[in-house]
Amino acid sequence: MTNEDDFTRLPDRPRAEDLVVEVPAFEDDRPAPEPAPPAAAPELVAATEFARTSHAAPTIRRTQFRAGAWIAGVPIAVLAVVAVVQILLPR
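Every chain's residues receive numbers from 1 upward, in the order its sequence appears when written. Per-residue local features of the predicted model are confined to residues with pLDDT of at least 70, and side-chain atom pairs are confined, for both listing and counting, to 80 or more; whole-chain, interface and lining totals are unaffected and use all residues. With hydrogens and water stripped out, all remaining heavy atoms of the structure feed into the side-chain values.

Enquirer: Before we go on, may I ask you to explain the overall build of the protein in this structure?
Expert: A count of helices and strands for the protein gives four helices and zero strands. Buried means the residue's accessible area, taken with a 1.4 Å probe over protein chains only, is under 20% of the maximum for its type, while exposed means over 50%, and partly exposed covers the values in between. Counting all 91 residues of the protein, 2% fall into the buried class. Shrake-Rupley sampling with a 1.4 Å probe provides the accessible areas, and residues are treated as covered by the protein chains on show and by no other component. Accessible surface, the protein as shown: approximately 9400 Å² in total, 65% of it carbon and sulfur. What counts as a helix is a DSSP run of H or I of at least four residues, what counts as a strand is a run of E of at least two, and both are numbered from the N terminus.

Encoded structure:
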């Protein structure tokens, strides 16, 4: 078979039925969030949101601490390595 024979005919077009994937449906069993209070009471909206999020993990603080540790820790570690190398290497 030559290269010309390989590309003289295009492959058949796939049927739409061959491309359909059936996904079984499942019931969403997550708890529904509480309905928002009326918009006429902004204090109630703020209090409800505060109460809803007060028990959640403080992700912002945890992320800030991790970023701060990287920002401060990497230069300190580099300086410590440079200091140890300078002390241990004879001049």
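Enquirer: Got a minute to help me understand the confidence of the model for the protein in this structure?
Expert: Parts of the prediction with low pLDDT should not have their coordinates interpreted in detail. On average, residues of the protein carry a pLDDT of 79, and 82% of them reach 70 or more. Within the protein, helix α1 (residues 3-6) has the poorest average pLDDT of any element, 61, and helix α4 (residues 59-88) the best, 87. For every residue, the predictor reports its confidence as pLDDT, a number between 0 and 100.

Enquirer: Sorry if this is basic, but what is going on with the pattern of salt bridges here?
Expert: Close approach of charged atoms allows side chains with opposite charge to pair. One speaks of a salt bridge when a side-chain nitrogen belonging to Lys or Arg is within 4 Å of a carboxyl oxygen belonging to Asp or Glu. One pass over the structure, following the stated rule, counts one salt bridge. Salt-bridge contacts for Asp18 lead to Arg15; the nearest nitrogen and oxygen are separated by 3.0 Å.

Enquirer: What should I look at first to understand a nonpolar patch on the surface in this one?
Expert: A cluster of nonpolar residues, Trp70, Val74, Val78 and Val82, forms a patch on the protein surface that exposes about 390 Å² of accessible area. Summarising the element assignment, Val78 is placed in helix α4. Grouping into patches uses exposed residues only, defined as over 30% relative accessible area, and leaves out salt-bridged ones; the cut-off is 9 Å for like charges and 5 Å for nonpolar side chains (Val, Leu, Ile, Met, Phe, Trp, Tyr).

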